[in-house]
Amino acid sequence: MLWAKTKVVQGVVGVLAVALLVGLSACQTGASGPSGAAPAAGLSANAADVAKARSLTPDDVSAALKTYVPGGKYDDYYMFASGGQSGQVFVFGLPSMRLLKTIAVFTPESWQGYGQGEEDTMKILDEGKFKNNPILWGDTHHPALSETNGQYDGQYLFINDKANGRIAVIDLRDFRTKQIVKNPVMINNHGGAFVTPNTDYIIDPSQYAVPLDFQYAPISEYKEKYRGLITYWKFDRQKGRIDPAQSFAIEVPPYWQDLCDAGKLVSDGWAFCGSFNSEMATGGIEEGKPPFESGTAQRDMDYLHVMNWKKAEEVVKAGKAQTINGMKVIRLPTAVSEGILYLAPEPKSPHGSDVTPKGDYIVVGGKLDPHVTIFSFKKMQDAIAKQSFDRDSFGVPVFKFNEVMEAQVELGLGPLHTVFDDQGYAYTSLFLDSGVVKWSLGAPYRTEGGWKRVEHIPTQYNLGHLTAVEGDTVSPGGKFVVALNKWSVDRFLPVGPLHPQNLQLIDITGSKMQVLYDAPVGVGEPHYAQIIKAERLKPWKVYPETGWNARAQAKDPNATTAGKEKIERRGKTVEIWMRAMRSNFNPERITVKKGDHVIWHITSIERTEDATHGFALPGYNINLSIDPGETVTFEFDVTESGVFTYYCTEFCSALHLEMAGYFMVEP
């Protein structure tokens, strides 16, 4: 039904676009319609007047009509973007580029009452602590949608925290974070999260090499004791949770591992991770040594890591992994001897490693090389069969570049990341040249004209990652690319020295790409995003039944029904079962003593869509969001006497201000 409505809207928009362009052209040439009121059928003269008054070009009008979604109409796609230093995930609708939601993940968030007293969100954040140190922020980089048979299935979203080496699980039924796992062996990550084609595993590589197990070793022992790690987190789809006990990691040399991608179809069972710093530079600018930026860029080739993860899974089950801090780790010699790990030379300081839709090629963009390099998975398998390798200094087999390389395409300066459409084209971001390059894949994607640069479109500015509609899957959707630019400079009203990021929507359906829309993002730096057809998601609008526990996704044992509200005292513990509905809490007066311990449950018995309530208790740092049907719990020690007021923080009804109560603490 949504699809049908969308098509109707698109058709109307198309008619209007043509009509408005005709009308605008008439305005520009001084012509007018016969009556002077309607320059084209179905078009108000006012529309053309508005376009003329605002100095909009025909391209501006065309772009506006391609992105405009009327109020009350839904977008065709969701885009899930990382929130960078905000530690969150942003949800956009496409093509409107409207920001629909911020999903609280690694950082407490007030609107959702995340990490501000509510028991389950506090537990989720606590899961992500490093030893005994709480970590209440994150640097999210790469969201990954769950897949079935290599296609997004709209069930779960995973996101990494680069700074602290963590992965989070988000359930897309209610768009809420359910789990955070801290890697027990490494301190940071970057190239995750990427999923295998049926979401058996979430791939999570480290970035900066360190001694495993958080041990100390001087930097002078870098080659001997520092290592990288590529972790395969086992995902239990039934439970909707990562299962650390069934997860494992592969120790790799101390090159700095970067973005990964899982093989698919013919390469299912394999994974590919780029790396840089094959020089094993250790910095030391303060001592007059080459800084990392030049020390890591001395060699012409770095290494693409090629891993047989299904073989690794068998090796772990055979008991050949070593347990470090509870994580099963396949040590480097075992990874080599068991045929799990190979390297392919890749130019130069690469960033992305992106698998083509059929799984047959891996595309690498070298930041300091103007080409993208395309590797053939078949040629890699042939090299393995022939045992045609060199070895690195750790004994890891290194493919011979010309034996596994399929093609190189010169694109421009700073190629980073590549996505794909449904017409056999690839799109690569150029950081230094600030643009997107469209280029053609070779056979079997295109029978002629393959491996060639087709078109370049500038972006504003310094493009990092880009994303395309389902462009990471076995069947890309085409239509749009979004450029995630790092600078915005002159694109928006100035808001001080810290500028917003700029996400640009690009139409890729025509013979020429067209930038349609600039979307400022002023709450963090999105690094990467994935776009999914809206029809694949089935989000709840109200929880399935009253008294729902959002973390367990089940009925909460402390759900309160109308008429069953109560306050119980057990010694110095006071437990409250409260009900919330428009426009009151019950109970409204609660009296305790200083020194008591309070356990407080609140159930919203609302069944009306969007009838969310908030709950704020000042002085005790309690702030909650209680969605329709939800039960939440918080507890605290009563340390201060006095009279405290609690109230609903959502403007829920005309008598919203009356939705309040007194929490009275006797000395």
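As the structure is a prediction and not an experimental result, all values here were calculated from the model.

Cut-off values and rules
All residue numbers refer to positions counted from 1 along the written sequence of the respective chain. With pLDDT at 70 or above as the cut-off, local features in this predicted model cover only qualifying residues; side-chain atom pairs require 80 or more to be listed or tallied, and sums for whole chains, interfaces and linings still use all residues. With hydrogens and water excluded, all non-hydrogen atoms of the structure serve as input to the side-chain values. Segments assigned H or I by DSSP are reported as helices when at least four residues long, segments assigned E as strands when at least two residues long, and all are numbered from the N terminus. Every radius of gyration here is taken over C-alpha atoms, with the globule rule written as 2.2 Å times N^0.38, N being the number of residues. For the exposure calls, accessible area comes from a 1.4 Å probe over protein chains only, and a residue counts as buried if that area is under 20% of its type's maximum, exposed if over 50%, partly exposed in between. Only heavy atoms matter for contacts: two residues are in contact if any of them lie within 4.5 Å across the pair. Per-residue accessibility takes into account occlusion by the displayed protein chains alone, with areas from the Shrake-Rupley method and a 1.4 Å probe. Per-residue confidence from the predictor is given as pLDDT, running between 0 and 100. Should DSSP find at least two bridges between two strands, the strands are taken to pair. Every angle, taken between N-to-C directions, lies between 0 and 180 degrees, and every axis is a line fitted to C-alpha atoms, over only the stretch in contact when it is a helix. Any pair of cysteine sulfurs within 2.5 Å is marked as a disulfide. Read the arc as the range of directions from the helix axis to the C-beta atoms. As used in this structure description, the phrase polar contact means that two N or O atoms lie within 3.5 Å; if the pair is within protein, one of them must be able to donate a hydrogen and the other to accept it, and residues adjacent in sequence are counted only when both atoms belong to side chains. A pair of aromatic rings is counted whenever rings of Phe, Tyr or Trp (Trp by its six-membered ring) have centres within 6.5 Å, and the orientation is called stacked for planes under 30 degrees apart, edge-to-face for over 60 and tilted otherwise. We call a charge positioned above a ring when the Lys NZ or Arg CZ atom is no farther than 6 Å from the ring centre and deviates by at most 35 degrees from the ring normal.

Overview of the overall build of the protein
Consideration 1: If you tally the helices and strands in the protein, you get ten helices and 46 strands.
Consideration 2: Taken over the C-alpha trace, the protein has a radius of gyration of 28 Å; the compact-globule value for 667 residues is 26 Å, and the two agree within 12%.
Consideration 3: Each of the three principal axes of the protein carries a C-alpha extent, and together these read 85 × 80 × 50 Å.
Consideration 4: A buried classification covers 58% of the 667 residues belonging to the protein.
Consideration 5: The long-range share in the protein, meaning contacts at least 24 apart out of those at least 6 apart in sequence, stands at 61%.
Consideration 6: Of the accessible surface of the protein, which amounts to about 27200 Å², a share of 53% is contributed by carbon and sulfur atoms.

Points about the confidence of the model for the protein
Detailed reading of the predicted coordinates is not advisable wherever pLDDT falls low.
Consideration 1: Taken as a whole, the protein shows an average pLDDT of 93; of its residues, 94% reach a score of 70 or greater.
Consideration 2: Within the model, pLDDT remains below 50 along residues 1-19, and this stretch shows 16 contacts once partners closer than five positions in the same chain are excluded.
Consideration 3: When the criterion is pLDDT under 50, residues 21-41 qualifies, and its contacts beyond four places in sequence or with other chains add up to 26 contacts.

Some details on the sheet that holds strand E30 (residues 463-468)
Consideration 1: Taken in spatial order, the four strands make up an open sheet running E30-E31-E32-E33, and their pairing is antiparallel. Looking at which strands have only one partner, the edges of the open sheet turn out to be E30 and strand E33 (514-521). When strand polarity is set aside, the average angle formed by the axes of neighbouring strands in this sheet is 20°.
Consideration 2: Strand direction decides the pairing type here: strand E32 (residues 501-507) and E33, joined by seven bridges, are antiparallel.

Some details on the state of the cysteines
Consideration 1: Within the structure shown, the criterion is met by one disulfide.
Consideration 2: A sulfur-sulfur separation of 1.8 Å characterises the disulfide bridge that pairs Cys260 with Cys273. Between Cys260 and Cys273, the S-S torsion sits near 100°, and that sign places the bridge as right-handed. With a gap of 13 residues between them, Cys260 in strand E14 (residues 256-262) and Cys273 in strand E15 (residues 270-276) connect regions that are remote in the sequence.
Consideration 3: We note that Cys652 lacks a disulfide partner, and the nearest cysteine sulfur, in Cys648, lies 4.0 Å from it.
Consideration 4: A residue is classified by how much of its surface remains accessible, and Cys652, at 17% relative accessible area, is buried.

What to know about helix H9 (residues 377-386)
Consideration 1: The set of residues buried in H9 consists of Phe377, Met380, Ala383 and Ile384. All buried residues of H9 fall inside an arc of 115° around its axis, so they share one side. Exposed positions of H9 whose direction lies more than 90 degrees from the buried face are Lys378, Ala385 and Lys386.
Consideration 2: Where H9 begins, the side chain of Ser376 points an oxygen toward the backbone nitrogen of Lys378, at a separation of 3.3 Å.

Re the pairing of strand E42 (residues 613-617)
Consideration 1: With five of five residues buried, E42 lies mostly within the body of the structure.
Consideration 2: A two-sided burial pattern is seen for E42, the buried positions comprising His613, Phe615 and Leu617 on one face and Gly614 and Ala616 on the other.
Consideration 3: Of the pairings in the sheet, the one linking E42 to strand E43 (residues 622-626) comprises five bridges and is antiparallel in character. Residue pairing across strands places His613 opposite Ile626, the latter belonging to E43.
Consideration 4: Counting the residues that bridge the hairpin from E42 to E43 gives four residues, and of these Gly619 lies at a positive phi of roughly 90°.

Looking at the packing of aromatic side chains
Consideration 1: Applying the stated criterion to the full structure yields 43 aromatic pairs.
Consideration 2: Note on Trp600 and Phe615: the rings are 5.3 Å apart at their centroids and 65° apart in plane angle, and the pair reads as edge-to-face. Placement of the pair is Trp600 in strand E41 (residues 597-604) and Phe615 in strand E42, with a sequence separation of 15 residues. There is no split in this pair, since Trp600 and Phe615 are both buried.
Consideration 3: With 5.8 Å between their ring centres and 65° between their planes, Phe636 and Phe663 make a pair best called edge-to-face. Of this pair, Phe636 sits in strand E44 (residues 631-637) while Phe663 sits in strand E46 (residues 660-666); the two residues are 27 residues apart in sequence, bridging distant segments of the chain.
Consideration 4: Its relative accessible area of 8% is what places Phe636 among the buried residues.
Consideration 5: Ring pairing ties together the aromatic residues Phe585, Trp600, Phe615, Tyr620, Phe634, Phe636, Phe644, Tyr646 and Phe663, which thus form one cluster.
Consideration 6: Seen from the ring of Tyr425, Lys438 lies directly overhead, with NZ or CZ sitting 4.3 Å from the centre.
Consideration 7: Here the basic side chain of Lys566 rests over the ring of Trp577, its NZ or CZ set 4.6 Å away from the ring centre.

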